[in-house]
Each structure stands twice: as C-alpha cells, then as structure tokens.
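Chains, contacts and geometry: an overview
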Amino acid sequence: MAEYTAISNVVVIGHGVSLSMMAALLGHGLTRHSKTITVVQLPDMANDCDVVISGPEFAALCDILKLPIEQVISHCVEGFSLGMCYHKDQRSWFVPFGNMGLVEGAAYFNQGILRALKDELLPELQWQHLSLAAQAVSAGKFAIAGPKQTHLQGPLQYAVTLNRQAYRALLQQIAQQAGIKIIATASITPTYHETGAISDLTLDNGQIVKGDFFIDCSVGDRLTPKVVDAIEANQPSIITMSWVQNTPVKHQFGCQHLVSTPWGWIRQTQAKDKWHFYTVFESTQWTASQVESWLSEQGFSDIERLSVATLSGEALAQPMQQNYLAVGKVVMDLGELVFSELVVVQQAIITLLDHFPINNNWSIHNRIYNRAWQVVLSEAEAFIDLHSSHFMVRGAKTTLAKNLVARFGRLGSLPTLQYDIVSESQWFSLMLGLGISPKLPCHYLSNISDTELQSTLSSLRQYILNIVNGMPSYVDFCSQVIPNTLHCPLRRQEAGSHG
Amino acid sequence: MSEHYKIVILGGGTAGWMAAAALSHFLKPTQFSVCLIESDEIGTIGVGEATLPHIRQFNQSLGIDEDDFIRATGATFKLAIEFPGWGNQNSSYFHPFGQSGEPINGIDFHHYWLSLNQQSSTPFDHYSLAVMLARNNKFARPTAEPNKLSSSFAYAYHLDATLYAAFLSGFSQQRGVTRVEGKVQKVLQHPSGDIAGLQLESGQQINGDFFIDCSGFRSLILGQTLGVAYENWQQWLLCDSAIAVASESMDDKPPYTRAAAHQSGWQWRIPLQHRTGNGIVYSQQYMSDTNAQDTLLSNIEQSVNSEPRQLRFTPGKRAVSWHKNCVAIGLSAGFLEPLESTSLYLAQIAIQTLIDCFPGKPVGHIERDNFNRKLNSEYLRCRDFIILHYKATRRNDSPFWQYCQHMAIPESLQQQLEEFNCTGNVSAYREGLFLPASWYAVLLGQGQLPQFHDSRANSIPTDALITHSNTLLSSLKSVAQNVPHHRQSIMQHPFSSEMKGCGQEKVKYG
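A quick note: this is a predicted structure, and the numbers were derived from the prediction, not measured.

Criteria and thresholds
- Residues numbered from 1 in each chain as written.
- Chains lettered and ligands numbered in written order.
- Predicted model: local features only at pLDDT ≥ 70, side-chain atom pairs only at ≥ 80, totals over all residues.
- Helix = DSSP H or I, 4+ residues; strand = E, 2+ residues; numbered from the N terminus.
- Rg over C-alpha atoms; globule rule 2.2 N^0.38 Å.
- Buried ≥ 20, exposed ≤ 12 C-beta atoms within 10 Å, placed from the backbone.
- Contact = placed C-beta atoms within 7 Å.
- Axes fitted to C-alpha atoms, helices over the stretch in contact; angles between N-to-C directions.
- Parallel < 35°, antiparallel > 145°, perpendicular 65-115°, else oblique.
- Left-handed = near helix turned anticlockwise from the far one by under 90°.
- Nonpolar A, V, L, I, M, F, W, Y, C, P; charged D, E, K, R; others polar.
- Pairing = 2+ DSSP bridges.
- Expected span 1.5 Å × (residues − 1).
- Domains from an automatic or database assignment.

1. Side note on the overall build of chain B
Looking only at helices and strands, chain B features 15 helices and 21 strands. Taking 2.2 N^0.38 as the reference for a compact globule, 510 residues should give roughly 24 Å; the C-alpha atoms of chain B span a radius of gyration of 23 Å, in line with that estimate. The principal-axis extent of the C-alpha atoms belonging to chain B is close to 75 × 50 × 45 Å. Scored against the burial criterion, the 510 residues of chain B give a buried share of 52%. In chain B, the proportion of contacts linking residues at least 24 apart, taken out of those at least 6 apart, comes to 77%.

2. Observations concerning the overall build of chain A
For chain A, the count of helices and strands is 16 helices and 19 strands. At 23 Å, chain A has a C-alpha radius of gyration in line with the 23 Å of a compact globule built from 499 residues. Counting only C-alpha atoms and orienting by the principal axes, one finds that chain A spans roughly 70 × 55 × 50 Å. Looking at chain A alone, contacts between residues at least 24 apart form 75% of all its contacts between residues at least 6 apart.

3. Observations concerning the packing of helix α1 (residues 14–26) of chain B against helix α9 (residues 343–356) of chain B
Pairs of packed helices are described in terms of their axes, by the angle between the two and the distance that separates them. Residue and element names in this part refer to chain B. Interaxial distance between α1 and α9 falls to 10 Å at its minimum, and their mutual angle equals 30°. Put simply, α1 runs roughly parallel to α9. Like other packed secondary-structure pairs, α1 and α9 cross with a definite hand, here right-handed. Residues Thr14, Ala15, Met18, Ala19, Ala22 and Phe26 of α1 touch α9, and the partners they reach there are Leu344, Ala347, Gln348, Ile351 and Ile355. When the residues that make up the contact of α1 with α9 are grouped by side-chain class, the tally is nine nonpolar, two polar and no charged.

4. Focus: the sheet that holds strand β16 (residues 274–282) of chain A
All names here are of chain A. The strand order across the open sheet built from seven strands is β6-β5-β14-β15-β16-β13-β17, with neighbouring strands paired in mixed fashion. Two strands in the sheet have a free side with no partner beyond their single neighbour: β6 (91–96) and β17 (303–311). Taken over all neighbouring pairs, the strand axes of this sheet differ in orientation by 20° on average, direction set aside. Summarising the sheet, strand β14 (residues 256–261) and strand β15 (residues 264–271) pair through five bridges and their orientation is antiparallel. Looking at the pairing, His257 lines up with Gln268 of β15. Helix α8 (residues 288–297) contacts β13 (238–245), β14, β16 and β17 of the sheet and is inclined by roughly 40° relative to β13.

5. What to know about the sheet that holds strand β5 (residues 92–96) of chain B
Sheet strands pair via backbone hydrogen bonds, and the direction of the pair is either parallel or antiparallel. Residue and element names in this part refer to chain B. With mixed pairing, seven strands are arranged side by side in an open sheet as β5-β4-β14-β15-β16-β13-β17. The sheet is open, and its two borders are formed by β5 and β17 (309–312), each paired with just one other strand. Looking at each pair of strands side by side, their axes are set apart by 20° on average, direction ignored. Summarising the sheet, strand β13 (residues 241–247) and strand β16 (residues 276–282) pair through seven bridges and their orientation is antiparallel. Note that in β16 the partner of Val245 across the bridge is Asn278. Together, β4 (80–84) and β5 form the strand contacts of helix α13 (residues 436–445), whose direction differs from that of β5 by roughly 180°.

6. Looking at α9(B)
Residue and element names in this part refer to chain B. For α9, with 14 residues, the first-to-last C-alpha span of 20 Å sits near the 20 Å given by 1.5 Å per residue. Counting buried residues in α9 gives eleven out of 14 residues, a clear majority hidden from the surface. Regarding α9, the residues found buried are Ser343, Leu344, Tyr345, Leu346, Ala347, Gln348, Ile349, Ala350, Ile351, Thr353 and Leu354. Along its buried surface, α9 packs onto α1, α2 (54–61), β20 (326–328) and α10 (365–391).

7. Topic: the domain arrangement of chain A
Residues and elements named next belong to chain A. Examined at the domain level, chain A breaks down into domain 1 (9–56 + 163–233 + 314–360), domain 2 (74–157 + 383–481) and domain 3 (238–311). When each unit is reduced to the centre of its C-alpha atoms, the spacing between domain 1 and domain 3 is 28 Å. Each side of the interface is counted separately: domain 1 has nine residues, and domain 3 has 13 residues. Broken down by secondary-structure element, the contributors of at least two residues to the side of domain 1 that touches domain 3 are β3 (51–53) and α9 (328–333). Grouping the constituent residues of the side of domain 1 that touches domain 3 by class yields five nonpolar, two polar and two charged.

8. Regarding the environment of Val39(A)
Residues and elements named next belong to chain A. Examined against the element boundaries, Val39 turns out to sit in strand β2 (residues 36–41). Each C-alpha atom, one on Val39 and one on Val475, is 39 Å from the other, the two residues being 436 residues apart in sequence. Excluding its chain neighbours within four sequence positions, the residues that come into contact with Val39 are Val12, Leu19, Ala23, Ala175, Ile180, Lys181 and Ile182.

9. Thoughts on unusual backbone geometry
Cis geometry is found at the peptide bond from Lys361(B) to Pro362(B), where omega equals 5°. Examined against the element boundaries, Pro362(B) turns out to sit in the loop between α9 and α10. In this structure, Phe434(B) follows Leu433(B) across a cis peptide bond, with omega equal to 0°. In this fold, Phe434(B) is placed in the loop between α12 (411–423) and α13. Phi is positive for Glu124(A), which is not a glycine, with a value near 55°. By the element assignment, Glu124(A) lies in the loop between α4 (109–118) and α5 (132–138). For Glu124(A), a count of 6 C-beta atoms within 10 Å corresponds to the exposed category. One non-glycine residue, Asn105(B), adopts positive backbone phi at about 50°. Tracing the chain through its elements places Asn105(B) in the loop between β5 and α4 (109–115). For Asn105(B), a count of 12 C-beta atoms within 10 Å puts it in the exposed group.

10. Here we look at the interface of chain A and chain B
Counting from both sides, the interface comprises 23 residues of chain A and, opposite them, 24 residues of chain B. If you list the elements that add at least two residues to the side of chain A that touches chain B, you get α11 (362–385) and α13 (399–411) of chain A. In terms of residues, the side of chain A that touches chain B owes the most to one element, α13(A), which gives four residues.

Structure follows, in structure tokens:
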C-alpha cells in the first residue's frame, strides 16, 4: 500500500477579491488546525469593476466568518437586492432569492400556487404576490430580518453590492488576523515534479515558496501546465462586456434587473450613485461595437465602458489536478450574468472545504473534488442555459436544463438537486416567468378544497402586504445603514417604476 | 382531467395495499377509481416487518393515527439494528436511527473518535442516544427541541406486515377502492403494447388506464408480460434463500432489530407485541437448507410456534420499474434482502414518486423517465449499502465470508470506500438512503478504520477531548435514565386481539 503524507502547507495565488475571499475562508477554516497558508498576491486586473456583487449566501458567510454584519454593511455595502427583476417583451417578473410564502421548505406550497393560478382561484393573482421579497421591491421597501424574526429570514434572503476595494481590505484583514502571510509579487514561475505535481513557486524577487497544495485564484490560470478536459468544447466564443452609467435608470431599487435584448440579457445593478451593466453575447452573432450601437439606439447615454473580455465557452470540468486547484478560471468560465464572481468563488471554496485534501493521495482527492464540482457546474450551467439566446430560440442546451424544463412543464415540480447554487424558488419563478407552466396537476393537494386554498393564499397575500407596509423604504433603509447615502443620488432616483 | 381514469392494482400484499391507500387518499374520486385484485389462494410475503422511520411520514400523510396503527399491527418501536458477528465473529455494533456524537467546530464527531482511538476504548455507537436507549430496552419518542440530545434520534416500528396490509385494506376500501378477489388468467394488451386489462379465471375482465404490478416475485405484468429484464446482483449479494419462522413473543421486547451474522448468512429477530419474527438468510451455494434451518432454530430463544417457511429469491431489480402504462412496486420491481429493513421503504418511495409523477392520459415519457431515474437511484443506494456490510468484514472463518471480503464490488461503492479510507469521510447525497452517519455506523462498527481522518480533529488536546467525550456519555446516560422502559411505551398501545383475525393467514416472512 502506498504511503501518503498529510497536507500541511497550502499556497494560494491570485488577485483581487477572489484571492482575499479564499484567504479569509481558509484562514478561518484551517489555520487553527495547524495548516500553514501562504498567500501570493499578483497584480490586480486593470479592468476590475469597482463593485462586486454577492449572492444570497452573504449573510451566512458573515456568520461563518463571525463578521459583525452591521459593520460590513456600513463599510463595504453599496446596495441590496432581494432578487432579480426580469424585463422582457413589455412584461416584468420577479425571481426572489428567498422562498415563496413565509415558511421555508413548505412541501407543495409552490404547487398550491400553480393550482391557484391555473384555476384562477384568486382574481388577478400573480405568483409574485406570494413572495415577500417581490412585494417589498414592488413597494420600494427593504428590510433585513432581525435575529428574532427567524420566520422572515428565508423569504427575505438578500444579496449585496460591495465596494470591491473596501471588501477586499476587510477580507485581507480577517486573513491576516488568522495568521496568514501575504506576499506580493509581479510574477510567479511554478516548478513541477516529474509526476506533474507542483513542488514550488519562484517569485519575481527569486524567493521560492514551497507547498503541498496550490490554489490558483487568478483569472489567468497560472498553474495548469496542460490543456485540461472541458465539458463543452468547440463552442462559439462568448464575449462579456461591462460598463457603468451615471445617469439614473428608471428601475426599482432593492433588486438586480435583467433586461432582454436581441442577443440575450443585460444585468443592471445599482450601487450608490451609479448603475452597473453587464452582458454576454456570442461572438458569431454580435460584436462589441454592434452592441454599443444598439445601446445607443435604446437611449443608453453617459456610459463608461469598463471591460470587454472573451470567455472560452468551455467550462473547466476538472479544476483539481494533482496538487493544484484552478478557482479563478472556473469563476471566469461561467461569466457573471446570473452568478457573480463572488458567488462562484464562494461555491468553489465551499466545495473545497467540504472535500479538503488532507493528504497527498491526489488521485482520490482529485476525483472527489472534481466529481462534486461537476455537479455544481451542471446545476449552475443549467440555470445559465435558461438565460442564453439559444434557449430563447431553440430551447435548452444542457441535459440538466432540458430535463428540468421538461419536468416542470409537465409536472410543475423539480427533482432534488444536490447543491443550493440556485434555490427552488429561483427555478420556480424563472420557469413561470419564461412562460413554462405545468400540464398536469399536483395530486398531493387534491385533499385541499378550492375554498381552503383560496382562503389560505388570500390570507397569506394580505399578511405579506401587512409586513411590507411596516418595512422602511429602500432609500430610508440605505440612509440608515450606509454612510453618505444621503449625499448620493438615491433620493433623486427614488421615482423608480414601482409596478 | 375530464375522462374518468381507472387504476388497477394487481396484488394485495403490503405494497399493493400501501399503493391503494395512498392513491385513494390523494386522487380525487370524481376523476379516478382504484381497483385492487388479490387472490385468497396466492399467499403474500409479508416482507419488511422491520421498518425505517420514513414509514411514519407515510402514515401521517394518510392521516393514520399512530396509536390505532400500533394496536392494529402489533407493532413495537424500533431505534436501531444490532449487528452481532459482522465485523468479526465476536464483535457487535448498532446502526442507530440518528448519529453518534455531535460535530465539534463543524467537524463530524467520528473524526474526533478516530483521533482518540488509541486512548479510548469506548465503541463509536456508545455515543448515540438511540443505542443507549436500545441497549437498555427503553423508549420514548424524540422531542422536538433542536440541539437537544433528546431530539437526536428517530424511530420506526417492528410490525406485522400482513396485519398492516389488512389495516390498509380497510382504510382503502372505506375510501372507495374496489377489491376484487380472483386470479389473473391473462394479461390483455393494446396493439401499442400498453396493458388494456386483466382477465380473471372467473371470466371477469378488469380494464384500466394504468396498472400497478404488486404481484410479488412473479412480476406478472412488468416482468412476464412486458418483458422488462431483471438485473441480477448475486455476484455482490450471495444470499438467495431464506427460512422464516415465528416464535412466542419476548417478555422484554427490545426496541431494535437483531441481524446476527452466521457462518454463511445471517439471522433476523423482530420483536412484535404478539409474536417474534425470526428468519435466516443464506446462500445455497455455501449452506444447505437443512443446515440453515437447524442453525435458525437453534438460535431462537423462545418457543417456535409456526412451521418454518422457505423462500428463494434473486437479489436485483427490474431494469426499469415503469414501462408502458405499468409501474411495478414492491417485490415485482426488485428484491434486496431485509438486512437494513429497506423493503417497505422502497415500496413507499415508489408510491410517493408515482404520486409526484402521476401520469397524464396517455402516459408521457417525462413522468415515466423521472420516476425511473429516481427509483433506479434509490435501489442502487440501498444495494451499495447492503453490500457494504458483507464487504467491510474482517471475518474469514468460512468460504462465504472469505468470498465476501475479497469480492469485486460496484464502482460506486468502491469509490465510497476509497474516499472513506483516504479521508475518513463518505460522499453525502441528497436523494436516497443512507446519510453519512449510517455509513460511519457500519464502517466503524465493523472495525474499518480509515488510513486518514480529518487532521483538524487533532487540534483539540487529547485530555480535553477525553473530557468532552466522557461528558457526552454522562449526558446520554442522564437523558436515558428518565426514559421509560420500552415495555411501558408499548403497553399504552396494546395489540388488539380482535384485529388478529383481520389478516388472512398467509405466508409470513418473519
């Protein structure tokens, strides 16, 4: 039997907020357990946007890191969102991060909504009426559930827009407090064993950093020595484009917006005095200048282009090879239309901490991590798939997305998925928003009469409205928790379309 | 749905009546009718007298009162399964419903137990409240207080499966299920291959839109008529025979099932209120029927009060459980030996999934594919977990165990074992039995120590960890002291002798 040794030295390279996030979470999770973590910081990317968007896991993450959430909000947060508002063909719909109704995981609740919609049990009922988040956004309201309001934490899950530099500084501080050493360098040169494993890194000043396990959070994928397996090769290149606009946009606050375009979607996110835009399109169909012309025709003005980048169109299916793990590349591969850089890097870290390689039996650890990551990836890609131009014209491309759409369209339910990168309410609301509604009824609800269902949903709708009435406006909330908000144009923009 | 939809269930064993009960409860009688055909001449195999906690959820969803159910089925409570002789001939462990120990700093307790292994002789299962209660013949329902020891376990039942079927038969017929007595002479098909109806020996013809095959091992519709192939798993699960016999009820009924390993198989003991179910599962290749029966009878403590009944089976499952307009539930879909009490669970999960994916008219491939994917996954999870017990043995005292120890195993199980050996963890999955805690209970209970465990568990000094472990044991003892005896808990729901006659005399499997 081969003799394996324990992993004790972990080296993380990269830049930006991904690196700091990895350092902070590993520092919290590993350093007090006799692991040495060295962070090698490469120069920042020139075109990094000055804000970064979290997913709804933000509050849980603060809890894990024992961060005082009020302090993080006051120092780093520039905006909040309770979900995504989609705009397509003169129609809008809301996809909340939190659950529908007020009870998280209530069995067959969503099927109750479907029945009420199909049978028109309540006049003018829309599924958004039963989402606290959707109603809050519609009314221009916002609140974070307090520690004693546990029943509201599920329906009011929120994401935040963070000031990149401030958040990064905070994460670095956490990492350093955990005893992590951070070394800055302009370049690195890896040295490989004959087996293909990395033995050390040489920095620009000649310093050699040795390690047992290497994690690459750089966008450039600096450590992988060879072409790795990709899930989908030979795809057309995907172009990503981001820009900011200083002119106020007439949109609701408290959510991100996805606006339909001829090539797909533009994501619009408010952060203090600016609106940030992001889109992806296939290079075979559109060019950056054509997109810009279209934007101009649509009345977008005062815009400042931040970046145009090309994605490979390939998702890295085997991000852990030998003793190195590519995190930055997998983050980049997915684009940021529906999953931000932070969401993906956090998912990669969660997967890593769940399956941390505790010894150098790399064939097993690679298999465990990569298998788990492939499932995460397939679930993320299925969700992304539903936002692609391909889906709009020819239907879903990935097997999982095809199956989910087919099942929802027939049965109104979804199978159990392994990870939470997309919540059930997100799938549910997106499917309905895209016009997919089930053909067959849910028999588990057949013992509930129409009158009972009507009465339950009607009471719930009123209860949600009462809660919303008691919430502060989004602008007032921000004024209270984010310093200097009153000086920003939020007040001026307050006249968003609260439809 | 405008047209009336007719569902025909073939077979009145536990699976058939469970299906009838659930369908009659959840499907609107104005739109659906359910007809169950059973023959008084054909015996049923009351498989699965030991159950898993999921059955409680099944009963609750039908609105069945627990007290009524216990009285009607002669049930006792079940907290765990005891496995003597599996790790080696002299060892024994419990697989409880619930975990052993509690995570510390987000690291599972078993890693700390492994780090203490040299310094502590306390077996892993001793850190489970369910096991402590089981060993002391105590039982109380878990409390609903999160993070309290008293809520750290679940429970199931030992029940008389024939009486359970009879109980559900009454339940179903009250809700409009039509029971037809008779034997099927011919299965009638449409030109498409779909099942059109069943012709009985009496000449009566029962037509339907959708058919549920609960005909047991015969798999009359799915297997014999529709020709769905059977996947044979005997290369991993050698046992192909069982002998069952009932004995007098035990004075002090333990709240756990016993599955004791023998030289070429294993023996179960299931304590009911009114009798004790016993049986031996063995491989004909390694043990003769006579030897098996002698072994069984010589290891029963109470007086035997029925004739031993023999059963032959092939472990495995149908390639798909749902083909055309027919779904098989129970033994007609597959068979796994009752080592981990999975039989009723698999029937239950098939019924629940069928309601989740209930077909339109005509049956669509989406509901069928989703059902088959889910059931396939459930069967494979159970299969791997049962094989684990045989593979993770250190016994080499007989050719049977020598084969098991060295046999090739399914790739999925091989990967789990490699992962456990390399990391001390197994992969968790959201769909299907069993949680990682169950894997650790069996692996560690059978003495399979991984090469590595999570080194973060070593960060707590040994002395502090020993103190923590001892405190946990004291807390468990303290909680257990205030729990009533299992006998007292059962006495609150005495078996109703009037119900004895309800179940028709059929072949019992335990």
